[in-house]
Amino acid sequence: ADPWESYNRKVHAFNTTVDRCCLRPVARGYNTITPGPVKDGVANFFRNIDWPVTFLNQLLQGKIRESGVSTGRFVLNTTFGVLGLFDPASGLDIPQYDEDFGQTLAAYGWEDSRYFVFPILGPSTLRDTLGQGFYGYFHPVSYMIREHDDYRPLIVDVVQVRASFLPRDAELEDAYDPYVLLRDVYLQNRRFEIYDGAPPLEDYESLLE
């Protein structure tokens, strides 16, 4: 799944340098000066506005019941949760779904795809890269960039997401090959998401033939 490994490793090295020089210090500063409830509110807000993408992809995948649940969750958190800053839906045990166009392409048969590392943005696959092309038309953050040339929501989102991964930094740095660890974790997680948490068992016997 990684025929472009030589290129990917170069981009990974570049991303690691940028992260150590810029993203990680900013994320640590954000963690230090931002109160816990505020961090939770920011994370809740950005998770809530993922709804248009999740909803559309649930429809495309034929998950009609789940799309209704996602809509109900969005309405509840947007209203009673003050524009999504709070998450009353989780308190009511309303499940949260996360669907994207890469998962929809996989549902239509493109299950396996080549690993690809984006500069700055990090791990992806060829399938997920094509899927990202639809985001500008449906995701509010991408809409703000395209229509208003406003990158502030994107910057805040990137910082808060990076801050959420700070506890994993030591594990990555202690790895024998951080590139392989990051690649395998990403691909396994995507497989888990594509199969809604229940991926089929690998056919190890066929690999030995």
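Residues numbered from 1 in each chain as written. Predicted model: local features only at pLDDT ≥ 70, side-chain atom pairs only at ≥ 80, totals over all residues. Heavy atoms only, no water.

### Structural notes on the packing of helix H3 (residues 51-60) against helix H4 (residues 64-79)
Interaxial distance between H3 and H4 falls to 8 Å at its minimum, and their mutual angle equals 165 degrees. Taken together, the axis directions place H3 and H4 in an arrangement best described as roughly antiparallel. Judged by the twist between their axes, the crossing of H3 over H4 is left-handed. Across the interface between the two elements, Trp-51, Thr-54, Phe-55, Gln-58 and Leu-59 of H3 pack against Ile-64, Glu-66, Ser-67, Ser-70, Thr-71 and Phe-74 of H4. (Axes fitted to C-alpha atoms, helices over the stretch in contact; angles between N-to-C directions. Helix = DSSP H or I, 4+ residues; strand = E, 2+ residues; numbered from the N terminus. Parallel < 35°, antiparallel > 145°, perpendicular 65-115°, else oblique. Left-handed = near helix turned anticlockwise from the far one by under 90°. Contact = heavy atoms within 4.5 Å.)

### Description of the packing of aromatic side chains
Scanning all chains against the criterion turns up nine aromatic pairs. Between Trp-4 and Phe-116, the ring centres sit 6.2 Å apart and the planes meet at 85 degrees, which makes this aromatic pair edge-to-face. One end of the pair, Trp-4, is in the segment before helix H1 (5-33); the other, Phe-116, is in strand S1 (residues 115-118), with 112 residues separating them in the sequence. With a centroid separation of 5.1 Å and 85 degrees between ring planes, the pair formed by Phe-116 and Phe-118 is classed as edge-to-face. The class of Phe-116 is buried, set by a relative accessible area of 19%. Its relative accessible area of 24% is what places Phe-118 among the partly exposed residues. Taken together, the ring pairs connect Trp-4, Tyr-7, Phe-116 and Phe-118 into an aromatic cluster. (Phe/Tyr/Trp six-rings, centres within 6.5 Å; stacked < 30°, edge-to-face > 60°. Buried < 20%, exposed > 50% of the residue type's maximum accessible area, 1.4 Å probe, protein only.)

### What to know about H1
At Asp-19, H1 shows its maximal kink, close to 55 degrees. Among all positions in H1, only Asn-8, Val-11, His-12, Asn-15, Val-18, Asp-19, Arg-24, Ala-27 and Tyr-30 are buried. (Bend = angle between axes of the 7 residues up to and from the residue.)

### Some words on the pattern of salt bridges
Throughout the structure, instances matching the rule amount to 19 salt bridges. Between Asp-19 and Arg-24 there is a salt bridge whose closest N-O contact spans 3.6 Å. Both residues of the pair, Asp-19 and Arg-24, belong to the buried class. Close ionic contact of Glu-66 with Arg-65 constitutes a salt bridge, the shortest N to O distance being 3.8 Å. Look at Arg-65 and you get exposed, because its relative accessible area is 55%. (Salt bridge = Lys/Arg side-chain N within 4 Å of Asp/Glu carboxyl O.)

Such coordinate-based values are descriptive only and should not be taken to indicate function.
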